[in-house]
Amino acid sequence: MAKASMLGRQVVIFISMYTGYTFYVLNRKAFSFAMPVLLREGLTKSELGLIASSQTTAYAISKFVGGVLSDKIPSNVFFSMGLLLSGICVITFTGYSAVGLFAFLWFLNGIAQGAGWPACAKLLARWYSPSRFGTYWGILSTSMNVAGSVGPVAATYIIVNYDWRASFHILGISSCLIAVISLFAIKNSPSEMGLEEFVTENHLKNKGDSPSVAASSTWRDLIRSPFLWILSLIILIIFGIRTGANDWGQLYLIQEKGQSQYIGSAYMSSLEVGGIIGSIIAGYIADKFIEKKLPGSTTNPRMPVMLVFVMLVSVSLHLTVFHVTPQSSVLWINSLGFSLGFGLYGPVALYGVVAVESVPFHLSGTSHAIVGLGANVGGVLAGLPLSYIAKYFDWSGAFFVMEVLCLATILLMIATRNMSTIMVPEKTKAE
């Protein structure tokens, strides 16, 4: 009976997190879905970039702060209040037309977004086995892809048949309702439900912690780690490419490749479907590599998995830039979107796992926050800065820059493949 109760509660919590975070992402992407229409209504590329960057700047800050606050605020409250505020921002956005107010409201939306994933990370750690951490993390991260695949098609349908404001109203109201449901459906830990016997006793051991490390290591030891900054730089570039592809991919195909809005939307959906499969497969394969890790090894077996996925990203970007024309078939375009999403979302699903398991448990939140900050800086650079490159060199130039950066990342990962991924070396109190 107790096992059935635990399983039932895990299912309810996972569905609540998955649904709630899907709407977090839909709120985050709502502006990019409406970009083609807003461009026709008179906004310039630079103004679109300003609004997009206002959100990613806020998100870069709030996700870092959210990692710290998630240790202080109950996860169900933190998760639900962030989604509620995000929904309110989306609804309010429809009441204005000034670029400055658009940017301000989208900045607030970015602030609210910072509550989502840190709360999910805490809940995953408390409710699910650490031995399958990568798999669960990968599955939950596919909520981003579900939002990205369903969102463009649904938003385009509503925008074409009504207007972009109607799509924002529907999304914002739905988010507020789901936020209220999540507040009551999500419980913070098994012990809160009287299920203490299911709290794994070897949790700290699986995270690589020990009393000697816990007693002596601090964030100062963490920031001295070369691997922390290498990992942050890698995910900065990959996340920047992912954000650039998500925010500008549809516009690129419409404006420079002569494709229709529906084909652009189908490409974006294919990218997200590829991301769903890529996230799950990356997490599963990486967990299998972890099981075979040799005792005493100082490298993380998840890194070679990430490298293979980044190589696929490079190939997909090259084909998109140089081998898509107005005459290209829908199948070819969607295949490129699928492969790009598959390659991008694998590393995105894995970087947080690597950041968490490469440090003692008591520093895992700080490690994830720092690396996550690098990811969101990449997201900021994919907004206004990338739009300026497109302004002077067109979108083909912007996507070519992303391809070059991807190649540089591959070289960096190969050059550092033997680097120790243990960010905080174990030491005793005497040291």
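Structural data are supplied above this passage.
Residues numbered from 1 in each chain as written. Predicted model: local features only at pLDDT ≥ 70, side-chain atom pairs only at ≥ 80, totals over all residues. Heavy atoms only, no water.

Engineer: Go over the overall build of the protein chain with me, naming the residues and quoting the values.
Structural biologist: A tally of helices and strands in the protein chain yields 16 helices and zero strands. A compact globule built from 431 residues should have a C-alpha radius of gyration of about 22 Å, and the protein chain, at 21 Å, falls within 12% of that. Along the longest, intermediate and shortest principal axes, the C-alpha atoms of the protein chain span 65 × 50 × 35 Å. For the protein chain, buried positions account for 57% of its 431 residues. For the protein chain, the accessible surface area stands at approximately 17500 Å², while carbon and sulfur atoms represent 69% of it. A gap of 2 Å separates the mean positions of the 27 positive and 20 negative side-chain charges of the protein chain. (Helix = DSSP H or I, 4+ residues; strand = E, 2+ residues; numbered from the N terminus. Rg over C-alpha atoms; globule rule 2.2 N^0.38 Å. Buried < 20%, exposed > 50% of the residue type's maximum accessible area, 1.4 Å probe, protein only. Areas by Shrake-Rupley, 256 points an atom, 1.4 Å probe, with all protein chains shown as cover. Lys, Arg positive; Asp, Glu negative; His and termini not counted. Charge placed at Lys NZ, Arg CZ, Asp CG, Glu CD.)

Engineer: Describe the packing of helix 3 (residues 75-93) against helix 7 (residues 164-185), listing the residues and the values that go with them.
Structural biologist: Viewed as axis vectors pointing N to C, helix 3 and helix 7 meet at an angle of 160 degrees, and their least axial separation amounts to 8 Å. The angle between the axes of helix 3 and helix 7 places the two elements in the roughly antiparallel class. The element helix 3 and its partner helix 7 pack so that their crossing is left-handed. Facing Asn76, Val77, Phe79, Ser80, Leu83, Leu84, Gly87, Ile88, Val90, Ile91 and Phe93 of helix 3, the residues of helix 7 in contact are Trp164, Phe168, His169, Gly172, Ile173, Ser175, Cys176, Ile178, Ala179, Ser182 and Leu183. Partitioned by chemical class, the residues of the contact of helix 3 with helix 7 number 15 nonpolar, seven polar and no charged. (Axes fitted to C-alpha atoms, helices over the stretch in contact; angles between N-to-C directions. Parallel < 35°, antiparallel > 145°, perpendicular 65-115°, else oblique. Left-handed = near helix turned anticlockwise from the far one by under 90°. Contact = heavy atoms within 4.5 Å. Nonpolar A, V, L, I, M, F, W, Y, C, P; charged D, E, K, R; others polar.)

Engineer: Explain the pattern of salt bridges residue by residue, including any values.
Structural biologist: By the definition in use, this model includes three salt bridges. For Asp221, the salt bridge identified is with Arg224, shortest N-O distance 3.1 Å. For Asp221, a relative accessible area of 14% translates into the label buried. For Arg302, the salt bridge goes to Asp287, with nearest N and O atoms at 3.1 Å. Placement of Arg302 in helix 13 (residues 302-322) and of Asp287 in helix 12 (residues 261-291) is noted, with a sequence separation of 15 residues between them. Asp287 shares its class with Arg302; the two are buried. (Salt bridge = Lys/Arg side-chain N within 4 Å of Asp/Glu carboxyl O.)

Engineer: Give a detailed account of empty space enclosed by the protein, specifying residues and quantitative values.
Structural biologist: The probe, sized like a water molecule, is rolled over the atoms to show the empty space still left. Applying the stated criterion across every chain yields a total of four cavities of 30 Å³ or more. If you go around the largest cavity, you meet 18 residues; those closest to its centre are Arg28, Gln55, Thr56, Thr243 and Asp247. For the lining of the largest cavity, the secondary-structure elements that each account for two or more residues are helix 1 (2-40), helix 2 (45-69), helix 11 (226-256) and helix 15 (364-381). Top element by residues in the lining of the largest cavity is helix 1. It accounts for six residues. Residue composition of the lining of the largest cavity, grouped by class: seven nonpolar, seven polar and four charged. Roughly 110 Å³ of volume is contained in the second largest cavity. Together, 15 residues line the second largest cavity, and Lys63, Trp117, Met144, Val348 and Tyr351 are the ones closest to its centre. (1 Å grid on protein atoms, 1.4 Å probe; cavity = no way out; pocket = protein on both sides within 12 Å on 5 of 7 lines; lining within 4 Å. Points joined across faces, edges and corners; volume = space filled by probe spheres on them.)

Engineer: With reference to specific residues and values, describe the packing of aromatic side chains.
Structural biologist: Per the counting criterion, the structure on display carries 19 aromatic pairs. Both rings, one in Phe309 and one in Phe342, keep their centres 5.3 Å apart while their planes meet at 10 degrees; by these two values the pair is stacked. Of this pair, Phe309 sits in helix 13 while Phe342 is found in helix 14 (residues 330-357), placing the two residues 33 residues apart along the sequence. Aromatic rings pair up to connect Phe31, Phe93, Phe102, Trp106, Trp164 and Phe168 into one cluster. (Phe/Tyr/Trp six-rings, centres within 6.5 Å; stacked < 30°, edge-to-face > 60°.)

Engineer: Describe helix 6 (residues 133-161), with residues and values.
Structural biologist: The terminal C-alpha atoms of helix 6, which comprises 29 residues, lie 43 Å apart, in line with the 42 Å expected from a rise of 1.5 Å per residue. Along helix 6, the sharpest kink reaches roughly 35 degrees, centred on Gly151 and followed within four residues by the proline Pro152. (Expected span 1.5 Å × (residues − 1). Bend = angle between axes of the 7 residues up to and from the residue.)

Engineer: Any details on the side chain of Glu403? Residues and values, ideally.
Structural biologist: Within the fold, Glu403 resides in helix 16 (residues 384-415). No salt bridge is formed by the buried Glu403, whose closest oppositely charged neighbour, Lys257, lies at an N-O distance of 10 Å. Engagement of the side chain of Glu403 in a polar contact is seen with the side chain of His318, the distance being 2.9 Å. Ignoring any residue separated from it by four or fewer positions in sequence, one finds Glu403 in contact with Ser314, Leu317, His318 and Phe322. (Polar contact = N/O pair within 3.5 Å; in protein donor to acceptor, adjacent residues only side chain to side chain.)

Engineer: Describe in detail a nonpolar patch on the surface, supporting the description with residues and values.
Structural biologist: A cluster of nonpolar side chains, Ile61, Phe64, Val65, Leu69, Leu373, Val377 and Leu381, forms an exposed patch at the surface whose accessible area comes to about 510 Å². Elements with a contribution of two residues or more to the nonpolar patch: helix 2 and helix 15. Of the residues forming the nonpolar patch, the biggest block, four residues, is contributed by helix 2. Within the element layout of this structure, Leu381 appears in helix 15. Given the relative accessible area of 45%, Leu381 is considered partly exposed. (Patch = residues over 30% accessible without salt bridge, like charges linked within 9 Å, V, L, I, M, F, W, Y side chains within 5 Å.)

Engineer: Report on the nonpolar core, specifying residues and quantitative values.
Structural biologist: Residues Met17, Tyr21 and Trp164 are the most contacted members of the largest nonpolar core, which totals 113 residues. In terms of residue count, the dominant contributor to this core is helix 1 (16 residues). Beyond its immediate sequence surroundings of up to four residues, Trp164 is in contact with Ala34, Val37, Leu38, Glu41, Phe93, Thr94, Phe102 and Ile159. (Core = buried A, V, L, I, M, F, W, Y, C linked by side-chain atoms within 4.5 Å.)

Engineer: How would you summarise the packing of helix 11 against helix 15 if you had to cite specific residues and measurements?
Structural biologist: Where helix 11 meets helix 15, the axes come as close as 7 Å, and the angle between the chain directions of the two elements is 35 degrees. Both helix 11 and helix 15 take part in a crossing whose hand is right-handed. Contacts between helix 11 and helix 15 involve Leu228, Trp229, Leu231, Ser232, Ile235, Leu236, Phe239, Gly240 and Thr243 on the former and, on the latter, Ser367, Ile370, Val371, Gly374, Ala375, Asn376, Val377, Gly378, Gly379 and Leu381. Taken together, the residues that form the contact of helix 11 with helix 15 break down as 11 nonpolar, eight polar and no charged.

Engineer: Describe unusual backbone geometry, listing the residues and the values that go with them.
Structural biologist: The phi angle at Asp394 is positive, at roughly 65 degrees, despite the residue not being glycine. By the element assignment, Asp394 lies in helix 16. For Asp394, a relative accessible area of 42% gives the class partly exposed.

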